[in-house]
Amino acid sequence: MFADYTWTELGSIFAMQGFAGLILFSVFVLMALGLAIIFGQMGVINMAHGEFMILGAYVTYLCSNFVEAFVPALFGVYFFFAMILAFFTAGALGALVEWSMIRHLYRRPLDTLLATWGLSLILQQAYRSIFGAREVGVTLPDWLLGSVPLTDIIEIPINGIFVMVLTLVIAVSVYFLMFRSRTGMQSRAVVQNRVMAGAVGINTEKVDRMTFALGCGIAGVAGSAFTMIGSTGPTAGQLYIVDTFLIVVFGGAASLLGTIASSFAISQAQSTMEFFLSGSMAKVLTLLTVVGILMLRPEGLFSAKIRR
Amino acid sequence: MRRLKDLIEHRLSRRSVLTGTAAAAMLVTAGAIAPGHADDVNTTGLAVTEDTVKVGILHSVTGTMAISETGSVQAEKLAIEQINAMGGVLGRKIEYIQEDGGSDWPTFAEKAKKLLVSDKVAAVFGCWTSASRKAVLPVFEQYNGMLYYPTFYEGLEQSPNVIYTGQEATQQILAGIDWVAKEKGAKSFYLLGSDYIWPRTSNKIARKHIEKLGMKVVGEEYYPLGHTQFNSVINKIKLKKPDVIYAIVVGGSNVAFYKQLKAAGIDMTKEKPVLLTISVTEDEIRGIGGENIEGAYAAMKYFQSLDNENNKEFVSAFKEMWGDEIVIGDVTQAAYLGPWLWKAAVEKAGSFDIDKVRLASPGIELTTAPEGYVRVHENHHLWSKTRIGLAKPDGQYELVYETADLMEPDPFPEGYQ
């Protein structure tokens, strides 16, 4: 398939393709981090993860409309406010859900699956009633559109760079929060041994609520960022949920590093195969590989070595 | 008090719009038969009384497909209201029973059965995806119902119990490819679609036609429904440098595809590549964003911006009923034709009986259709013009070409299967 092209062309395309892989990697990390925190750290199967993402997207939509109508001067930078607002809105809803629903189900992990699935249906219908069944268009500031041309063929999408930087910032923040702060230490302590953690004076209920809210908040930011590359509609969250679970399970549920490693593996495999094969075929092969590896390593790529 | 006043004004202004349409529509059905006794016009026990007739509306208002099907529901309700305002069908007001298919094909079949068997409706306006139509088809054939199906689709079907008010694949595809070959000097095509029956069949027809005209297909690819990452295929397109990107991507994927295409530096407002789609109506552009799809061409039979008297009245009546913000796409317009075609067929037959309506249907013509003139073919599809529109940043299409004659519907194209 490459006979007709010059080396420069091929080089450029491979550079572009590498970049496409990196963007996909960032997107995967961004959508999976929140779930990895909730599923991996708390053992809660949150089927409504996609809907929390879409909540972030709708917040961004409202922000863009609001800013366009009332303070057009700030339109160029509204996206940053929108992401912060998306984080807190999704986080607040997360805390509410944890308080009203999840905390009663910690001893029945499979029931959380049903409960959160129900929640996802409720949220979808709520979006449909509030925002209408049709997809909404989020207007982006001009500087986020288009691409930076490096050569004739190599053009770097600006929103791709934006997603990559955002992912890096969030991944680093999560790392510090979970592994270098007091809150994170408490959260990990509760995961390892709830009773002991309670006995040494950690308010386990509060920690649970914070962790759940954090996971949802990150989902909100991801949703907000995805308005640049995807659609915003009542059921758009469903587009992400399968990939998200795949990544988290493949990476090893209890390990954040595993999530990142599995995002990398899956994104590179998929984007390379999409280039050489067709889209549907690439998906099939990716899924088959993941199934194969999970049969050999049921715990996922990185399994936590804790005695339970 | 304020509300009441608004309401009265609202009704009044709507009526004034309606009388316009009504007057025009009367021309079509001139010579309508005087309303007969309920038993005479209904010998098979349908839900027809002395002054009402029941019909069904069967679309998804929940689930993934609600995005697309909402417009059709609105159009059908508008048509029914307008028909009632001018006296109904054979002197009977139309009452509709709306059922929700819930984006789930077995549910569609179940609800279709309910409408036909328990409600005894005289006609059903509904379905959107081919999958839902295939699911209800056996029900309509078994219980002898009449379905008016609005979506452009892949063809290869012709049922005595369905009137297809959208275009079948050849009408949409052949004219589009001919145009792009002639006007844009296209030589090579990259075919891209979502992975299910409609895009695959359509691309099969497109490929045959492209190769017949001596042009080349340099790539053909399908992505799963709901796919959101198109960077790899966009790179492939950049490598192959086709003259035309022929895209039949649907649903949420659409939004991702066009946003990423733009972000990757493929500028559709330039000479090449030309992007030609048959799957993006004004409805979809709302989600995609006009600025992301500016410069693309669409081949279909209706655009909201069509400049003719029928369409102006239709658009203003539609906005009157459903709000100023609304946009109207190809399928919405086709759905609007359903009740009118049914009314014309019933009045021609002088009866609500399904068999008589079926016999009366071929040859029925509408001069009041927003798209212009349409006529029902022997094969239950519509003769209609195919048009090419250029996407503008405001989310509307600008008409750049329309076929001189009506395109003959050909659901079983020879040599194209």
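Residues numbered from 1 in each chain as written. Chains lettered and ligands numbered in written order. Predicted model: local features only at pLDDT ≥ 70, side-chain atom pairs only at ≥ 80, totals over all residues.

Draft legend 1. Geometry of the overall build of chain B. Scanning chain B for helices and strands turns up 14 helices and 15 strands. When the 417 residues of chain B are sorted by exposure, 56% land in the buried category. Partitioning the contacts of chain B with sequence separation of at least 6, the portion at a separation of at least 24 is 72%. (Helix = DSSP H or I, 4+ residues; strand = E, 2+ residues; numbered from the N terminus. Buried ≥ 20, exposed ≤ 12 C-beta atoms within 10 Å, placed from the backbone. Contact = placed C-beta atoms within 7 Å.)

Draft legend 2. Layout of the overall build of chain A. Counting its regular elements, chain A contains 11 helices and 2 strands. Across chain A, helices and strands are ordered from the amino to the carboxyl terminus as α-α-α-α-β-β-α-α-α-α-α-α-α. When the backbone C-alpha atoms are referred to their principal axes, chain A occupies close to 70 × 55 × 35 Å. A separation of at least 24 residues holds for 77% of the contacts in chain A among residues at least 6 apart in sequence.

Draft legend 3. Broad picture of the packing of helix H2 (residues 49–70) of chain A against helix H8 (residues 204–226) of chain A. Residues and elements named next belong to chain A. Between H2 and H8, the shortest axis-to-axis distance is 6 Å and the interhelical angle comes to 55°. Judged by the inter-axis angle, H2 sits oblique to H8. As H2 packs across H8, the resulting crossing turns out to be right-handed. Residues His-49, Phe-52, Met-53, Ile-54, Leu-55, Gly-56, Ala-57, Val-59 and Thr-60 of H2 lie in contact with H8, whose contacting residues are Cys-216, Ala-219, Gly-220, Val-221, Ala-222, Gly-223, Ser-224 and Phe-226. (Axes fitted to C-alpha atoms, helices over the stretch in contact; angles between N-to-C directions. Parallel < 35°, antiparallel > 145°, perpendicular 65-115°, else oblique. Left-handed = near helix turned anticlockwise from the far one by under 90°.)

Draft legend 4. Molecular detail of the interface of chain A and chain B. Counting residues at the interface gives 42 residues for chain A and 35 residues for chain B. Taken together, the elements giving at least two residues each to the side of chain A that touches chain B come down to helix H1 (7–42), helix H4 (109–131), strand S1 (147–149), strand S2 (155–157), helix H5 (158–179), helix H10 (256–276) and helix H11 (279–296) of chain A.

Draft legend 5. Structural context of the confidence of the model for chain A. Put simply, chain A has an average pLDDT of 86, and 96% of its residues get 70 or more. Mean pLDDT across the elements of chain A bottoms out in S1(A) (79) and peaks in helix H3 (residues 78–100) of chain A (93). (pLDDT = per-residue confidence, 0-100.)

Draft legend 6. Spatial organisation of the environment of A:Phe28. All names here are of chain A. Along the chain, the position of Phe-28 falls in helix H1. In this structure Phe-28 comes out as buried when scored by C-beta crowding, with 26 C-beta atoms within 10 Å. Phe-28 sits 239 residues away from Ser-267 along the chain, and the two C-alpha atoms are 7.4 Å apart. Contact partners of Phe-28, with chain neighbours within four places excluded, come to Asp-243, Ile-247, Ser-263, Ile-266 and Ser-267.

Draft legend 7. The arrangement of helix H12 (residues 309–322) of chain B in detail. Residues and elements named next belong to chain B. Under the 1.5 Å per step criterion, the end-to-end length of H12 is 20 Å for 14 residues, consistent within 8% with the ideal 20 Å. Burial in H12 covers these residues: Asn-311, Phe-314, Ala-317 and Phe-318. Buried residues in H12, looked at end-on, bunch into an arc of 135°, giving them a common side. (Expected span 1.5 Å × (residues − 1). Arc of directions from axis to C-beta.)

Draft legend 8. Broad picture of the sheet that holds strand S4 (residues 147–149) of chain B. Residues and elements named next belong to chain B. Read from one edge of the open sheet, 5 strands run S2-S1-S3-S4-S5, paired in parallel fashion. The two strands at the open ends of the sheet, each matched to only one other strand, are strand S2 (93–100) and strand S5 (162–164). Direction aside, neighbouring strands of the sheet carry axes that sit 25° apart on average. In the sheet, S4 pairs with S5 via 3 bridges, with the strands oriented parallel. When the bridges of S5 are listed, Leu-147 appears paired with Val-162. (Pairing = 2+ DSSP bridges.)

Draft legend 9. Up close: unusual backbone geometry. All names here are of chain B. Located in the positive-phi region is Lys-120, a residue other than glycine, with phi close to 55°. Note that Lys-120 resides in the loop between helix H4 (105–118) and strand S3 (124–126). Notably, Lys-241 is not glycine yet its phi reads approximately 45°, a positive angle. With respect to the helices, strands and loops of the structure, Lys-241 is situated in the loop between helix H8 (231–240) and strand S8 (244–248).

Draft legend 10. Focus on the confidence of the model for chain B. Residue and element names in this part refer to chain B. Per-residue pLDDT for chain B has a mean of 87; in total, 91% of the residues score no lower than 70. Scored below 50 in pLDDT, residues 1–34 makes 30 contacts in the model with residues more than four places away or belonging to other chains. Scored as a whole, the predicted complex attains pTM 0.82, and scored at its interfaces, ipTM 0.80.

Draft legend 11. Structural context of the pairing of strand S7 (residues 216–223) of chain B. All names here are of chain B. As paired strands, strand S6 (residues 188–194) and S7 are joined by 7 bridges and run parallel to one another. Residue pairing across strands places Leu-191 opposite Glu-220, the latter belonging to S7. The parallel pair S6 and S7 is bridged by helix H7 (residues 197–212), and the resulting crossover is right-handed. (Right-handed = clockwise from strand over helix to strand, strands pointing away.)

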